[in-house]
Structure formats: structure tokens, C-alpha cells
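These are the residues of each chain, in order.
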Amino acid sequence: MNWNKTIVLAASLFAASFQVQAQDNLINALKANQNDNSKSGFTFTEVINLGNTSIKNQGSSGTCWSYSGNSFLESEMIRMGKKPVEISQIYTARNTYLDKARTYVRLHGGLSLGEGGQFHDVLNSFRKYGTMPQSAYTGLHYGTTRNNFGEMTSMLDAMLGAVVKGKTLTPNWEKAYTAAMDSYLGEVPEKFDYNGKSYTPRTFADQVIGINPDDYVGIASVTDHPYYSQFVLLIPDNWSFDRFYNVKMNDLTDIIDNALQKGYTVAWATDVSEKGFSWKNGVAYVPEKPFEEMTEQEKSTMFVGPKPELKVTAEERQKAFDNWQTTDDHGMHIVGLVKDQNGKEYYIVKNSWGTTNDYHGYLYATKEFVRYKTTSLMLHKDGLTKDLKAKINIK
């Protein structure tokens, strides 16, 4: 027996199991960060609420980026005057997993695996493979009714671990990897019917969805690269090494505000593993006092009505990113703006964890939280101001 290979496979299985549990563990941890009487303390007045489709539930899968990225495209259809389609989130995800596997093998295993991704993965999959409606490819197979990727991810990651440890790369690994996804998610149909017409993923993407992937831009903010230039954002889920436009911290909310005012929604990647983020209560803010320094009374009322916030600097934001206090752990969809009873503005954020929180699947994030904890944004280039387009050289 090759004990080295056995150890590698065991380690791969453990890592994959840990990764697939991360999303569930995150949600469960956030459930503890809640107050039962929070909602009664807020009075939100709607300022902007752009068209968006129904709340979905990603289940036990790390596919938030695909759910929120495709929700964003569905809102783009609404903006363009089209009837929106529920896009198959799992079709996008499985295409991305295959491309990630190819890169992993090309780099001899020197790449982060797992189920995570970035919003540009949705566009890259759309560009390369097309797309299809959720009704044509649910990803629910062998009698399942809810995503549960634990066993599949363990299997896929172990396969890749064995592939990169082999002395010679066989021509069959990709076929075997695809067959494993087929067994868990179902085979992808070459053609399917939608509203009485036959489509391929390519023709459906072009004729029904009708977006141009090149019209969308990724935005991030770091202090260690020149502003208004492109750079590779070094986070594990940017496995494709895509480039982002670097803007100043305060530009992040200015960009979102301008986009919303012009009718464009925004895909938002952020860190939700924060004491100031409560999924159950549907509120995210930056507490003025560190949690460890709060009294028990202050902790118990963190989400009961509006609270004062810490004013964060760009240097503090960068420090939190560099020391891993800010992690890229969730993707959501910003669809509007509200004000609380004191006039403070919050973004309306659509999540993909079902409808079990106080706001039936939505939450309200303050601008300070967004400035502090955003890892990236994606939006249509026409949602940017003319001045910013000129600065980053976009026409």
C-alpha cells in the first residue's frame, strides 16, 4: 500500500468535509447572534427598491456566489424590460467546478479547492458554456429536494488529490471527474424545452437572457495597489485570478448609490462572520464598541433599534483584510435602499438562505458596514459615473 497517497487522500477528504460544513456552520453561528425583539426597534422607509426575483435557498452548499450572481442577472433582465427567468445556479456551479479542477491540475494542486467562487465565475461560465433555466437543470438528483454537496465535494476533491499525486497525468481524469458530478447532480441535457421552444445552453443564454458579459466590471478596494488601476485580488475564491478595478474605500458606497439611483442592482461579496451581522434579525452594522468590551446589556440589545457606529478608515479596513479579520465568506445581492427612523441609510440586501429571518430573506446593511467589510462588487459598467469610467478607462 502507498501510505503517502493514502494520507493525501485522507487529508483531502477531511478538508472537503470541513469546507462543505463551513456554510452550514456559518449560518448556525449567526443564528446565535440575534435578538427576538429586534424588528420592533426599527422603522425602515423605502427609498429605492429595484426589481428582483424570489428568494432562493442554496441549502448545504457553498454556492452563494452562483445564487447571488444569477439573481443579479435575473434583475438585469428586469432592468432590460424582459420577463426574468430563474437561472440554473447549479449548472453555473458545476461548470465552474470543472474549470477550477482543470486549473488545479495545471498548477499541480497549488490552488484552493472547495465550493466557493466569485461573481465573475458566473459571467465566465455564461460566456463559455451558456446557461439554462433552473427547470431544465435543478442539480437535484437521486430523490433529493435540497442541495447537499458534502459527499460530492469530498469525492471530487479526493479524486483531484489522487490525480495530482500521480507520476503521469492520464487522459481520463476529466471524464471521471465529470461522471462523478453527473452521478450527484444529474447529466446536463444537450437541449431542453422552454416555453414551447427548444434551446441549447448557448442559444438560451444569447436569445433569452441576452446579457453581454463584457458589460460588467468587478470592483475592490485595497491600499497596497494603485487606485483606479486593475489588480488581481488575492483571496482563495479568486481561483481564476481575475482582475478588479481598485477604488478608494468611500468610492464603494458612492458606486452602489449611483448604480441604484440609475436603476442598476449590485452583486456584493462581503464578510458576514462579524458580531455586527445578524442574519436572523436582518441587520448588519459596525458597532461603536468592540464586542469584548460591551456589557451584557449592550450585547443583548445590539440589534434592538439603530445604534451608533464606528467610523472606519481605509487603513483600518486594509488591516482587517490583511490579518484575516475580514474574510471573503459570502456573496449577496444589493437591490435597494432604505432609511431608518433617524434618517440613516441602509442597503436592501437579498440573501440566498431562504426566508426564515425577520425580513423574509432580505436584510439591511449600513453603509459603514459595506465600506468596512466589502471584498468586491460586480455591476454593469453603465452603473458607474462618467468620472469614474474616465478614471479607470472604461467606455
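Residues numbered from 1 in each chain as written. Predicted model: local features only at pLDDT ≥ 70, side-chain atom pairs only at ≥ 80, totals over all residues. Heavy atoms only, no water.

Caption draft 1: Structural detail: the overall build of the protein. Along its length, the protein carries twelve helices and 13 strands. For 395 residues, the compact-globule formula gives about 21 Å, and the C-alpha radius of gyration of the protein, at 21 Å, lands near that figure. Overall, the C-alpha framework of the protein stretches about 65 × 50 × 45 Å when taken along its three principal axes. Across the 395 residues that make up the protein, the buried fraction comes to 55%. (Helix = DSSP H or I, 4+ residues; strand = E, 2+ residues; numbered from the N terminus. Rg over C-alpha atoms; globule rule 2.2 N^0.38 Å. Buried < 20%, exposed > 50% of the residue type's maximum accessible area, 1.4 Å probe, protein only.)

Caption draft 2: View of the environment of Ser 75. Within the fold, Ser 75 resides in helix H2 (residues 64–79). Spatially, the C-alpha atoms of Ser 75 and Val 266 are 9.5 Å apart, while their sequence positions differ by 191 residues. Discounting chain neighbours no more than four positions away, the residues touching Ser 75 are Gly 51, Asn 52, Thr 265 and His 333. (Contact = heavy atoms within 4.5 Å.)

Caption draft 3: Here's a closer look at the packing of helix H5 (residues 150–165) against helix H6 (residues 173–185). Following both chains from N to C, one finds H5 and H6 inclined at 175°, their axes separated by 10 Å at the closest point. Classified by the interaxial angle, the pair formed by H5 and H6 is roughly antiparallel. Together, Glu 151, Met 152, Met 155, Leu 156, Met 159, Leu 160 and Val 163 of H5 and Trp 173, Ala 176, Tyr 177, Ala 180, Met 181, Tyr 184 and Leu 185 of H6 make up the contact between the two elements. Considered class by class, the residues forming the contact of H5 with H6 number 13 nonpolar, no polar and one charged. (Axes fitted to C-alpha atoms, helices over the stretch in contact; angles between N-to-C directions. Parallel < 35°, antiparallel > 145°, perpendicular 65-115°, else oblique. Nonpolar A, V, L, I, M, F, W, Y, C, P; charged D, E, K, R; others polar.)

Caption draft 4: Quick look at the packing of aromatic side chains. For the coordinates displayed, the defined rule picks out 20 aromatic pairs. Look at Tyr 194 and Phe 204: their rings are 5.3 Å apart centre to centre, the planes differ by 85°, and that puts the pair in the edge-to-face class. Residue Tyr 194 is located in strand E2 (residues 192–194), and its partner Phe 204 is located in helix H7 (residues 201–209); the two are separated by ten residues in the primary sequence. Judged by relative accessible area, Phe 204 falls into the buried class, the value being 0%. When the centroid spacing of 5.8 Å and the interplanar angle of 85° are considered together, the rings of Tyr 285 and Phe 303 count as edge-to-face. With Tyr 285 in the loop between strand E9 (283–284) and helix H9 (296–300) and Phe 303 in the loop between H9 and helix H10 (314–322), this pair connects stretches of sequence that are 18 residues apart. Residue classification places Phe 303 among the buried positions, given a relative accessible area of 1%. Grouped by ring-pair contacts, the aromatic residues Phe 42, Phe 44, Tyr 346, Tyr 359 and Tyr 364 constitute a single cluster. Over the ring of Phe 291 we find Lys 275; its NZ or CZ atom is 4.6 Å from the centre of that ring. In this structure, Lys 373 is placed above the aromatic ring of Tyr 372, and the distance from its NZ or CZ to the ring centre is 4.5 Å. (Phe/Tyr/Trp six-rings, centres within 6.5 Å; stacked < 30°, edge-to-face > 60°. Lys NZ or Arg CZ within 6 Å of the ring centre and 35° of its normal.)

Caption draft 5: Representation of the pairing of strand E4 (residues 216–220). The element E4 is largely enclosed, with a buried count of five among its five residues. Burial along E4 is two-sided: the residues Tyr 216, Gly 218 and Ala 220 and Val 217 and Ile 219 are all buried. Both E4 and strand E13 (residues 374–380) contribute to a ladder of four bridges, which runs antiparallel. Bridging across to E13, Val 217 finds its partner in Leu 379. (Pairing = 2+ DSSP bridges.)

Caption draft 6: Up close: unusual backbone geometry. Phi is positive for Tyr 142, close to 45°, though the residue is something other than glycine. Look at Tyr 228: it is not a glycine, yet its phi comes out positive at around 65°. Structurally, the position occupied by Tyr 228 is in the loop between E4 and strand E5 (230–232). On the basis of relative accessible area, Tyr 228 is assigned to the buried category, the value being 18%.

Caption draft 7: Looking closely at the packing of helix H3 (residues 89–106) against helix H4 (residues 119–129). For the pair H3 and H4, interaxial distance at closest approach is 9 Å and the crossing angle is 90°. One finds that H3 runs roughly perpendicular with respect to H4. Each of Tyr 91, Thr 92, Asn 95, Thr 96, Asp 99 and Arg 102 in H3 lies in contact with H4, whose residues at this interface are Asp 121, Val 122, Ser 125, Lys 128 and Tyr 129. For the contact of H3 with H4, the class distribution of residues is three nonpolar, four polar and four charged.

Caption draft 8: Structural detail: the confidence of the model for the protein. In this model, the protein carries a mean pLDDT of 92, and residues with pLDDT of at least 70 account for 91%. Across residues 1–20 the pLDDT falls below 50, and counting only partners more than four positions away or on other chains, this stretch makes 22 contacts in the model. (pLDDT = per-residue confidence, 0-100.)

Caption draft 9: Structural view of the pairing of strand E11 (residues 345–350). Counting buried residues in E11 gives five out of six residues, a clear majority hidden from the surface. The antiparallel pairing of strand E10 (residues 330–339) with E11 creates a hairpin that spans five residues between the two strands, and Gly 343 there sits at a positive phi of about 90°. The pairing of E11 with strand E12 (residues 362–366) spans five bridges and is antiparallel. Directly across from Tyr 347, in E12, lies its bridge partner Ala 365.

Caption draft 10: Just the nonpolar core, in detail. Among the nonpolar cores identified, the biggest contains 48 residues, and Leu 73, Leu 160, Tyr 177, Phe 204 and Ile 209 are the most heavily contacted of them. With eight residues, the top contributor of residues to this core is H3. With residues up to four places along the chain from it excluded, the contact list for Leu 73 reads Ile 87, Val 122, Leu 123, Phe 126 and Ile 211. (Core = buried A, V, L, I, M, F, W, Y, C linked by side-chain atoms within 4.5 Å.)

Caption draft 11: Region of interest: H10. Along H10, the residues classified as buried are Ala 314, Arg 317, Gln 318 and Ala 320. Down the axis of H10, the sector holding all buried residues measures 160°, keeping them to one side. Exposed residues on H10 whose side chains face more than 90 degrees from its buried face are Glu 315 and Lys 319. Here the buried face of H10 lies against helix H8 (249–261), helix H11 (367–373) and E13. Note on H10: the residue one or two positions beyond its end, Trp 324, has a positive phi of about 70°. (Arc of directions from axis to C-beta.)

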